[in-house]
Amino acid sequence: MKDVKVKVLVVEDEEPIRRFITLNLSAAGYLVGDAASGEEALEMLKSFVPKIVVLDLMLPGISGLEVCQKIRETMQETFVIMLTAKGQDTDKILGLELGADDYMVKPFNPLELIARVKAVLRRGKGCKDLKEVYSCRDLCLNVTANKLFKSDQEIDLTPIEFALIQVFMKNPGRALKREEMLNTVWGDDYFGDTKTLDVHIRRLREKIEDNPSQPEYIKTVWGSGYRWQQEP
């Protein structure tokens with residue numbers, strides 16, 4: 001049976017960069033679509049459903065941030081890797097808060113991009129576990145179904161958020177260092193920093209905590225990382 005190629009959508013308005021990324025991803029064995037604007041990308045997504053979107057933040061017309069937000073509204077299983085320029089730290093953090101899974105700063109080595117793509121795909125495969133269900137108070141995580149329920153209401157999670165909460169619920173009461181969580185969820189070859197983790201934790205708290213500013217599940221271990229509080 002022939003392997004099905006993983007679909008990747010590249011959204012970049014600068015034609016030389018877009019062609020460069022597309023050629024390298026195609027050579028690495030991916031089925032690549034490309035768009036030069038946010039509007040074109042959203043139109044393509046109606047018929048081309050990628051596993052990964054490589055998305056430039058600075059797009060003409062509809063911005064990359066808006067595209068990322070629209071993707072997250074309807075495509076929870078799709079990974080988003082943002083492309084940012086140096087000095088765009090505020091936009092980078094905002095993009096992560098809107099649901100992007102990772103980011104890369106231009107210019108970058110194409111081998112690094114391919115490594116990032118492979119890493120996010122491993123996250124999607126790696127979140128499966130022999131144990132199917134984890135429960136904690138009013139939360140229930142069904143690993144097989146890739147679903148999280150709070151008081152019987154399903155909570156929409158991105159693949160990264162799902163992987164994070166599984167790490168937490170597998171390790172109740174244990175202080176998890178940021179570097180350990182990055183290696184577990186993003187992979188040992190991850191090139192980013194701990195800010196990415198902190199933003200995803202903040203998003204996860206907003207979804208599962210009654211009061212995210214006073215979390216009952218995900219506790220901060222100052223100077224180290226986080227801890228899952230199994231009992232109140």
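Please read these numbers as outputs of a predicted model, since none were measured by experiment.

### Structural notes on the confidence of the model for the protein chain
Phase 1 of the analysis: Per-residue confidence for the protein chain gives a mean pLDDT of 87; residues scoring 70 or more make up 93%.
Phase 2 of the analysis: Across residues 126-130 the pLDDT falls below 50, and counting only partners more than four positions away or on other chains, this stretch makes twelve contacts in the model.

### Thoughts on the UniProt feature "modified residue: 4-aspartylphosphate" (unreviewed entry) in the protein chain
Phase 1 of the analysis: As annotated in UniProt, the feature "modified residue: 4-aspartylphosphate" (unreviewed entry) corresponds to D56 in the numbering used here.
Phase 2 of the analysis: With respect to the element layout, D56 can be found in strand 3 (residues 52-56).
Phase 3 of the analysis: Excluding residues that lie within four positions of it along the chain, D56 makes contacts with V11, E12, D13, G64, L83 and K106.

### Side note on the environment of K207
Phase 1 of the analysis: Mapped onto the elements, K207 comes out in helix 8 (residues 194-208).
Phase 2 of the analysis: Sequence-wise, K207 and L157 are 50 residues apart; in three dimensions their C-alpha atoms are separated by 8.4 Å.
Phase 3 of the analysis: Setting aside anything within four residues of it in sequence, one finds K207 in contact with I155, D156, L157, T158 and E161.
Phase 4 of the analysis: Here the side chain of K207 touches E161 through a polar contact of 2.7 Å, side chain to side chain.

### Side note on the sheet that holds strand 10 (residues 175-177)
Phase 1 of the analysis: With antiparallel pairing, three strands are arranged side by side in an open sheet as 10-12-11. Since the sheet does not close on itself, it has two edges, and those belong to strand 10 and strand 11 (218-221), each with one partner. Each strand axis lies, on average, 35 degrees off the axis of its neighbour in the sheet, ignoring direction.
Phase 2 of the analysis: Sheet topology places strand 10 next to strand 12 (residues 225-228); three bridges connect them, and they run antiparallel. Along strand 12, the bridge assignment pairs K177 with G225.
Phase 3 of the analysis: Where helix 6 (residues 159-170) meets the sheet, it contacts strand 10, strand 11 and strand 12, and its direction lies at approximately 65 degrees from that of strand 12.
Phase 4 of the analysis: Together, strand 11 and strand 12 form the strand contacts of helix 8, whose direction differs from that of strand 11 by roughly 145 degrees.

### Overview of the packing of aromatic side chains
Phase 1 of the analysis: Taken as a whole, this structure holds two aromatic pairs when the rule is applied.
Phase 2 of the analysis: Considering the side-chain rings of Y217 and W228, the 5.2 Å spacing of their centres and the 25 degrees angle between planes classify their relative orientation as stacked. Of this pair, Y217 sits in the loop between helix 8 and strand 11 while W228 sits in strand 12, and the two are eleven residues apart along the sequence. Judged on exposure class, the residue Y217 and its partner W228 are both buried.

Parameters at a glance
Residues numbered from 1 in each chain as written. Predicted model: local features only at pLDDT ≥ 70, side-chain atom pairs only at ≥ 80, totals over all residues. Heavy atoms only, no water. pLDDT = per-residue confidence, 0-100. Contact = heavy atoms within 4.5 Å. UniProt positions renumbered as here; feature names shortened; annotations may be inferred. Helix = DSSP H or I, 4+ residues; strand = E, 2+ residues; numbered from the N terminus. Polar contact = N/O pair within 3.5 Å; in protein donor to acceptor, adjacent residues only side chain to side chain. Pairing = 2+ DSSP bridges. Axes fitted to C-alpha atoms, helices over the stretch in contact; angles between N-to-C directions. Phe/Tyr/Trp six-rings, centres within 6.5 Å; stacked < 30°, edge-to-face > 60°. Buried < 20%, exposed > 50% of the residue type's maximum accessible area, 1.4 Å probe, protein only.

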